[in-house]
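# Notes for the structure review
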Amino acid sequence: MKYLAFSILFCINLFFYGQVSIDGNAPFLKGKYVSILQIEDYITNTYKSHGRQKVDSSGKFSFKLAADEAFKAIIEIEDKSSILYIDPNTNLYKINIPNGKNTAGSNVKLIFEDLPDNDLNALVLEYNLRVDHFMFGDSMYVLKCIKSNNFKEYSTQLDIFKDSLIQYYKPIKNKYFHNYIRYSIASLEQISTGKEIVTNRINVFNNYINNKPILYNNDAYMEFINQFYENTLKLPVKGGKDKLYLAINNHASLSMLDDIFMHDIFLKDARLRELIMIKGLGEEYYYENFIQENILKLIEEISNNSLFPENRIIAKNTLALLTNLQIGYKAPGFSFLTSKGDSISLDSLKGKYIYIGFWASWNESSLLEMEIAQKLYKDYGKYIEFV
């Protein structure tokens with residue numbers, strides 16, 4: 001299968017530090033709060049906030065972001081969310097959020113105004129349509145090849161598709177976008193069964209992972225990596241499962257675990273190996289194969305001592321995710337405004353018994369729980385702080 005080579009010479013795009021403005025229109029969501037979020041890591045899908053504000057009485061909202069590189073953002077209003085790629089080369093985004101009354105709990109597609117053709121959002125949208133046509137167009141020929149295990153023909157069709165992409169997108173100088181194409185194609189190349197699996201896995205590894213940088217902030221890259229290294233601790237490793245149990249359950253030894261995976265041909269790189277160890281430990285936490293306390297110790301050790309800053313962040317997020325709202329662990333910090341406009345944080349309530357109730361105006365069951373909370377407040381309000 002041909003190697004998809006979008007030459008760096010053609011795709012280098014130096015993103016200079018700048019400000020990106022977002023002007024939004026959401027007339028059906030007046031008075032609601034809108035947040036703009038970024039996925040901090042694609043292993044735990046932990047978000048970090050770039051701001052939160054109220055949609056004004058005319059249905060407008062706006063944000064200004066400092067962006068020195070492209071990233072995938074999530075615009076969130078109550079139970080509705082939309083994807084917006086932030087491209088530093090686009091100074092202003094004008095977006096409309098349509099009435100989402102029939103899309104509760106699902107993504108809402110943004111409507112753009114005056115979006116440049118070379119903006120990352122326009123490029124990704126067009127490319128995804130091309131992928132859809134490749135997979136499902138022409139009487140779903142490619143999909144039929146996959147279902148009938150005709151992977152030789154599938155490989156031929158994929159090579160033709162890749163050649164067409166190289167020629168079509170060659171003039172585009174957007175590094176994030178070219179990596180997005182490259183690794184979404186890599187995900188398609190992983191499709192194989194039977195005796196071709198091992199050979200195909202080695203080819204995909206050599207073409208897309210071996211001696212390549214880890215693109216922590218590229219969603220297509222991280223989706224590919226998550227697929228390629230799925231259920232790592234369940235995969236056969238040199239020395240068998242006994243060594244894994246010994247390293248994790250008996251010794252909680254990170255060095256022993258590292259030594260085991262160092263012999264995996266797909267995990268020779270120290271940074272990548274550590275990243276996949278974090279991912280694998282997190283995946284195994286809720287199963288009975290390994291002692292949970294030891295898994296947490298190993299992840300905490302990585303979060304404190306890793307030589308790679310990105311891995312430290314991911315380990316920290318994994319630890320927070322696994323211990324979130326668990327008895328004996330610190331409650332997640334947050335702050336909010338009262339109906340009177342006063343700011344209250346969890347830290348300001350230290351030393352008190354606290355009842356915290358989460359509700360939303362669009363969630364009927366949570367509103368019904370308010371009746372229970374009112375009775376509890378009447379009976380125990382003198383002893384408990386109700387939030």
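As a reminder, the structure under discussion sits directly above these lines.
My aim in this report is to walk through the structure given alongside it, one point at a time. (Residues numbered from 1 in each chain as written. Predicted model: local features only at pLDDT ≥ 70, side-chain atom pairs only at ≥ 80, totals over all residues. Heavy atoms only, no water.)

On to the packing of helix 4 (residues 175-189) against helix 5 (residues 196-208). Between two packed helices, both the angle of their axes relative to each other and the distance between the axes serve to describe the pair. Across the interface, helix 4 lies against helix 5 with an axial gap of 10 Å and an inter-helix angle of 170 degrees. The angle between the axes of helix 4 and helix 5 places the two elements in the roughly antiparallel class. Where helix 4 abuts helix 5, its residues Arg 182, Tyr 183, Ile 185, Ala 186 and Glu 189 lie against Asn 200, Val 204, Asn 207 and Tyr 208. Split into classes, the residues belonging to the contact of helix 4 with helix 5 amount to 5 nonpolar, 2 polar and 2 charged. (Axes fitted to C-alpha atoms, helices over the stretch in contact; angles between N-to-C directions. Helix = DSSP H or I, 4+ residues; strand = E, 2+ residues; numbered from the N terminus. Parallel < 35°, antiparallel > 145°, perpendicular 65-115°, else oblique. Contact = heavy atoms within 4.5 Å. Nonpolar A, V, L, I, M, F, W, Y, C, P; charged D, E, K, R; others polar.)

Taking 1.5 Å of rise per residue, the 15 residues of helix 4 would be expected to cover 21 Å, and the 21 Å separating its terminal C-alpha atoms lies within 8% of that figure. Of all 15 residues making up helix 4, 14 are buried, and the element is well covered by its neighbours. With a side-chain oxygen lying 3.2 Å from the backbone nitrogen of Tyr 176, the N-terminal cap of helix 4 falls on Asn 174. (Expected span 1.5 Å × (residues − 1). Buried < 20%, exposed > 50% of the residue type's maximum accessible area, 1.4 Å probe, protein only. Polar contact = N/O pair within 3.5 Å; in protein donor to acceptor, adjacent residues only side chain to side chain.)

Another point: the nonpolar core. Within the largest apolar cluster, 71 residues are counted, with the highest numbers of intra-cluster contacts made by Tyr 127, Tyr 154, Ile 185, Ile 209, Phe 224, Tyr 229 and Leu 257. At 11 residues, helix 2 (residues 120-147) tops the list of elements feeding residues into this core. Dropping the residues within four chain positions of it, Tyr 229 is found in contact with Arg 201, Phe 205, Ile 209, Phe 266, Leu 267, Leu 272, Ile 276 and Lys 279. Among the nonpolar cores identified, the runner-up in size contains 22 residues, and Leu 29, Ile 36, Ile 75 and Ile 95 belong to it. (Core = buried A, V, L, I, M, F, W, Y, C linked by side-chain atoms within 4.5 Å.)

Residue placement: His 178 occurs in helix 4. Its relative accessible area of 2% is what places His 178 among the buried residues. Within the local environment of His 178, its side chain forms a polar contact with the backbone oxygen of Tyr 169, the two atoms lying 3.5 Å apart.

Attention now moves to the sheet that holds strand 3 (residues 46-54). The sheet built from 4 strands is open, its strands ordered 3-2-5-6 with antiparallel pairing. Of all the strands in the sheet, the pair left with one neighbour each is strand 3 and strand 6 (80-86). Between one strand axis and the next, the sheet turns through 25 degrees on average, direction left out of account. Bridge count for strand 2 (residues 33-41) against strand 3 is 7 bridges, and the pairing is antiparallel. Residue pairing across strands places Val 34 opposite Gln 53, the latter belonging to strand 3. (Pairing = 2+ DSSP bridges.)

The description of an aromatic ring pair rests on the distance of the ring centres and on the angle between the ring planes. The tally for this structure, following the rule as stated, stands at 20 aromatic pairs. Ring geometry for Tyr 245 versus Phe 290: centroids 5.3 Å apart, planes at 45 degrees, classification tilted. Here Tyr 245, found in helix 7 (residues 240-250), pairs with Phe 290, found in the loop between helix 9 (270-284) and helix 10 (292-305); they are 45 residues apart in sequence, far enough to count as distant. Here the basic side chain of Arg 52 rests over the ring of Tyr 33, its NZ or CZ set 4.1 Å away from the ring centre. One residue, Arg 201, lies across the ring of Phe 228, its end atom 3.9 Å from the ring centre. (Phe/Tyr/Trp six-rings, centres within 6.5 Å; stacked < 30°, edge-to-face > 60°. Lys NZ or Arg CZ within 6 Å of the ring centre and 35° of its normal.)

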